[in-house]
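One letter stands for each residue in the lines below.
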Amino acid sequence: MSRLEAKKPPLFISEPLTGDAVSQSLSLLSGILKSSYGPAGRLKQLHNGVGGCVCTTSQSSALLGHLSISQPVLRVLTASVRSHVSRFSDCGLFTAILCCGFIENFRSLNVAPFTVIKISKHLLSLCVDHLKSEACGCRVSVDFSSVGTLVCLVRSILTSKPACMLNKTEVDHLTSLVLKAFIFTVPCHVEANAVLGKCVIIPMKGRRVVDSTILPGLLIETPEIQLGKPLAVKRTGSNIIKIALFSVSMSGDGFNAEEGTIAVHHGVSLEVSELNQLLNVGKQLVEDEVGLVVCQKVMHPSLKQYLKENGVIAVDRAGLCLMEPLGRMTGSQPIASIHSLSPGCYGSLKDLCIESFAPKHFLHLIPEDTVICSLILCNRSETAWDELKRVCETAEHVLQLTVKEPLALLGGGCTETHLASYIRYKSSSLPASTFKDLDCSQTQYQLVAEGFCRSLESVARSLSHDSEEILTDMVYGHCWFVPSSSPCVSKWADLVSKCGCGMNGNSEDLSWRFLQGQSGSPVVQGCPKEPSVKVDDLLTLDCFAAKCSGLQVALETANLILDLSYVIEDQN
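On a predicted model such as this, the values are computed, not experimentally measured, just so you know.

By the definition in use, this model includes two cavities of 30 Å³ or more. If you go around the largest cavity, the residues you meet are Val178, Ala181, Phe182, Cys199, Ile201, Leu375, Cys392, Glu396 and Leu399. Secondary structure elements with two or more residues in the lining of the largest cavity: α7 (168-184), β5 (198-205) and α11 (382-404). Residues of the lining of the largest cavity, tallied by class, amount to eight nonpolar, no polar and one charged. Put simply, the second largest cavity is a space of about 40 Å³. Surrounding the second largest cavity, Phe94, Leu131, Leu409, Thr415, Glu416, Leu419, Lys547 and Leu551 form its lining. For the lining of the second largest cavity, the secondary-structure elements that each account for two or more residues are α12 (414-427) and α15 (544-562).

Take unusual backbone geometry next. Notably, arginine 317 is not glycine yet its phi reads approximately 55°, a positive angle. Within the secondary structure, arginine 317 sits in the loop between β10 (313-315) and α10 (323-330). Judged by relative accessible area, which is 56%, arginine 317 ranks as exposed. Of note in the backbone geometry, aspartate 439 takes a positive phi value of approximately 55° without being a glycine. Mapped onto the elements of the fold, aspartate 439 is located in the loop between α13 (432-438) and α14 (442-461).

Each pair of packed helices can be described by the angle between their axes along with the distance between the axes. Put simply, helix α6 (residues 148-158) and α7 touch, their axes get as near as 9 Å, and they point 120° apart. Classed by the angle they form, the pair α6 and α7 counts as oblique. At the point where α6 passes α7, the crossing takes the right-handed sense. Along its contact with α6, which presents Leu150, Val151, Val154, Arg155 and Leu158, the element α7 presents Val171, Asp172, Leu174, Thr175, Val178 and Leu179. When grouped by side-chain class, the residues that make up the contact of α6 with α7 number eight nonpolar, one polar and two charged.

Throughout the structure, instances matching the rule amount to 19 salt bridges. Its salt-bridge partner being arginine 155, residue aspartate 172 comes within 2.6 Å of it at the nearest N-O pair. Linking aspartate 172 in helix α7 with arginine 155 in helix α6, this pair joins segments that are 17 residues apart in sequence. Its salt-bridge partner being arginine 424, residue glutamate 450 comes within 2.8 Å of it at the nearest N-O pair. A residue pair is termed long-range when its members are at least 10 positions apart, and glutamate 450 in helix α14 and arginine 424 in helix α12 qualify at 26 residues. For the pair glutamate 450 and arginine 424, a shared accessibility class is recorded, and that class is buried. A network of salt bridges, in which partner residues are shared, links Arg424, Glu450, Glu457 and Arg513.

Attention shifts here to the sheet that holds strand β16 (residues 469-473). Two pairing modes exist for strands in a sheet, parallel and antiparallel, and in both the strands are linked by backbone hydrogen bonds. Taking strand neighbours across the sheet as the criterion, the three strands line up as β17-β16-β18 in an open arrangement whose pairing is antiparallel. Looking at strand neighbours, the two that pair on one side only are β17 (479-482) and β18 (512-514), the edges of this open sheet. Going from strand to strand, the sheet's axes swing by 35° on average, the running direction of each strand aside. Examined bridge by bridge, β16 and β17 share four bridges and lie antiparallel to one another. Within the sheet, the bridge partner assigned to glutamate 469 lies in β17 and is valine 482.

This brings us to the confidence of the model for the protein chain. Of all residues in the protein chain, 89% attain a pLDDT of 70 or more, and the chain-wide mean is 86. For residues 517-531, every residue scores under 50 in pLDDT, and the model assigns this stretch 35 contacts once sequence neighbours within four places are set aside.

What follows deals with helix α1 (residues 20-35). Taking 1.5 Å of rise per residue, the 16 residues of α1 would be expected to cover 22 Å, and the 22 Å separating its terminal C-alpha atoms lies within 8% of that figure. Inspection of α1 places Val22, Leu26, Leu29, Ser30 and Leu33 among the buried residues, and these make up the whole buried set. Down the axis of α1, the buried side of the element spans an arc of 100°, and every buried residue falls inside it. Structural note: α1 exposes Asp20, Gln24 and Leu28 on the side pointing more than 90 degrees away from its buried face. The elements touched by buried residues of α1 are α2 (60-66), α3 (72-88) and α4 (92-107).

To continue, consider the sheet that holds strand β14 (residues 372-379). Taking strand neighbours across the sheet as the criterion, the three strands line up as β5-β14-β6 in an open arrangement whose pairing is mixed. Either end of the sheet is taken by a strand with one partner, and the two such strands are β5 and β6 (213-216). Going across the sheet, the axis of each strand differs from the next one's by a mean of 20°, ignoring polarity. In this structure, β6 lies alongside β14, joined through four bridges in antiparallel fashion. Paired with proline 216 across the bridge in β14 is cysteine 373. Sheet strands in contact with α7 are β5, β6 and β14, and its direction is about 15° off that of β6.

Bringing the side chain of threonine 57 into the picture now. Within the secondary structure, threonine 57 is located in strand β3 (residues 55-57). Within the local environment of threonine 57, its side chain forms a polar contact with the side chain of glutamate 387, the two groups lying 2.8 Å apart. The residues touching threonine 57, leaving out its near neighbours within four places in the chain, are Leu43, Lys44, Leu46, Ala62, Leu63, Ala163, Glu387 and Arg390.

What follows deals with the layout of surface pockets. Size it by volume and the largest pocket reaches roughly 900 Å³. Of all the secondary structure elements, the ones that give two or more residues to the lining of the largest pocket are α2, α4, α6, α11 and β19 (541-543). Per-class residue counts for the lining of the largest pocket are 16 nonpolar, 15 polar and nine charged.

Our next topic: the packing of aromatic side chains. Throughout the structure, instances matching the rule amount to five aromatic pairs. Relative to phenylalanine 182, the ring of phenylalanine 144 lies with its centre 6.5 Å away and its plane at 40°, an arrangement referred to as tilted. Taken together, the residues span a long stretch of sequence, with phenylalanine 144 in the loop between β4 (139-141) and α6 and phenylalanine 182 in helix α7 at a distance of 38 residues. Residue phenylalanine 144 is classed as partly exposed on the basis of its relative accessible area, which comes to 36%. Exposure remark for phenylalanine 182: the relative accessible area of 5% places this residue in the buried category.

Residues Leu77, Phe106, Leu123, Leu131, Ile423, Tyr445 and Phe452 are the most contacted members of the largest nonpolar core, which totals 122 residues. Among the domains, domain 1 (12-138 + 410-569) and domain 2 (143-217 + 376-405) are the pair contributing at least three residues each to this core. Isoleucine 423 has contacts with Leu123, Leu126, Cys127, Ala449, Phe452 and Cys453, leaving out every residue within four places of it along the chain. Of all hydrophobic cores here, the second largest spans 31 residues; its members include Leu292, Met329, Phe362 and Leu363.

Here is what the cut-offs are and how they apply
- Residues numbered from 1 in each chain as written.
- Predicted model: local features only at pLDDT ≥ 70, side-chain atom pairs only at ≥ 80, totals over all residues.
- Heavy atoms only, no water.
- 1 Å grid on protein atoms, 1.4 Å probe; cavity = no way out; pocket = protein on both sides within 12 Å on 5 of 7 lines; lining within 4 Å.
- Points joined across faces, edges and corners; volume = space filled by probe spheres on them.
- Helix = DSSP H or I, 4+ residues; strand = E, 2+ residues; numbered from the N terminus.
- Nonpolar A, V, L, I, M, F, W, Y, C, P; charged D, E, K, R; others polar.
- Buried < 20%, exposed > 50% of the residue type's maximum accessible area, 1.4 Å probe, protein only.
- Axes fitted to C-alpha atoms, helices over the stretch in contact; angles between N-to-C directions.
- Parallel < 35°, antiparallel > 145°, perpendicular 65-115°, else oblique.
- Left-handed = near helix turned anticlockwise from the far one by under 90°.
- Contact = heavy atoms within 4.5 Å.
- Salt bridge = Lys/Arg side-chain N within 4 Å of Asp/Glu carboxyl O.
- Pairing = 2+ DSSP bridges.
- pLDDT = per-residue confidence, 0-100.
- Expected span 1.5 Å × (residues − 1).
- Arc of directions from axis to C-beta.
- Polar contact = N/O pair within 3.5 Å; in protein donor to acceptor, adjacent residues only side chain to side chain.
- Phe/Tyr/Trp six-rings, centres within 6.5 Å; stacked < 30°, edge-to-face > 60°.
- Core = buried A, V, L, I, M, F, W, Y, C linked by side-chain atoms within 4.5 Å.
- Domains from an automatic or database assignment.

Now the structure itself:
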């Protein structure tokens, strides 16, 4: 068949970063991300314009997931950030804002992209080496024998998203619950290949946040359960409850006409045959002393009635998301066929009871060893609940990452300004051999280093949304915020009480200067190795692993985009 329209040639766009369309799109994306950053970030309402779900958020995962981006250059940026968030759950906005800053600052330099990339990689290695060294003053060791640092870490995550709409009491309550949930998921018996458990979040919308609670084990919603009646469950001789977990449908409609044809003898009913097979399975379960049967899909009413009459509790429509934690918690193997049952596929429970959180009723499965727990998460509105769920999942993941690498970085912009001061200090005292190895001049190195520092400082400046003055000190290189309504005074110490992370106070002369992204003096001395306040105080902390990864992803993505010479688009 001949074509109705002639095939169009591909569109070649040379030097895409020099085009106005890309520059404007990058500036717009950067502005959206910066205005969403931090505890005072502005919320964004995202919808598709033709109805459907509306998302109100300031989280990078939700923002980048809902934004429709057509520019190929920006697609590379957002894909890199989303990949980072999928691995670490945290520091998505930090990564995206920093990447935009690198692109904007580096492309304005009169230095060849190849040279910029080589120098920036060297600067990145200086940052990473500093962050991983014992002498680094912007990192904090996490001691798991005390909850002080963990509380600060979780609190910092919960307060970073204003769409959750939490007050101080609610933040304290949720911080405690998230930490309890994390402790539940840590195995009591440490093995060579120990694996952390899981926290399953149960939605409870339209209720107060302080009604949220944590329970060991799993909750399965069961509307059919009648309150007030004792829960009689069959137990084995060793006083445990045996459980069978079915991943196959038990509704009696196992034959699917779309899968082919089947020959049936005259007078034989497929439905009756299937039901008889289900009842045979039920008899086998009763003989094997099974006390609880959970089916991922639908269970035939006759089978449910038969099991009930024989003292077996039957729950269907459990859903796919509960199958993995159920199997892990009970030790049961999901049964994928009703035609074969193996005694080794059963699991066990310590106890079973009913929990009621009006208007919902749940079957509470209590295991022998708790590595699975259920978080009943409440919030007043659906929008706030959705945001809070994402935040709690992020906090859980950050705690898991911190187990692997028990470190945290100072938040509130202090790590960024500290690193900028450190890079200015290091780049001013490099030996001539470094420039020779990089095949660049000292002037080129200083230009790229200054663009690198301005990009870091732009992230700290993004935390200000109300025209506050932002300062950095010359001693520790930390970030300080001056309220916009502050009176004119001769000493900055009269206006600032603590730095952004809360570690340093104004008790000494720290030689503050404005943080405007311009070239600054090197740090007079490194940050103190020991905090000047107790870690139990309210420090703002960030996940070490997530932020280190975000720093590397931001620069690598910026360098990839800077190195683009052509964009080729298919016009058909």
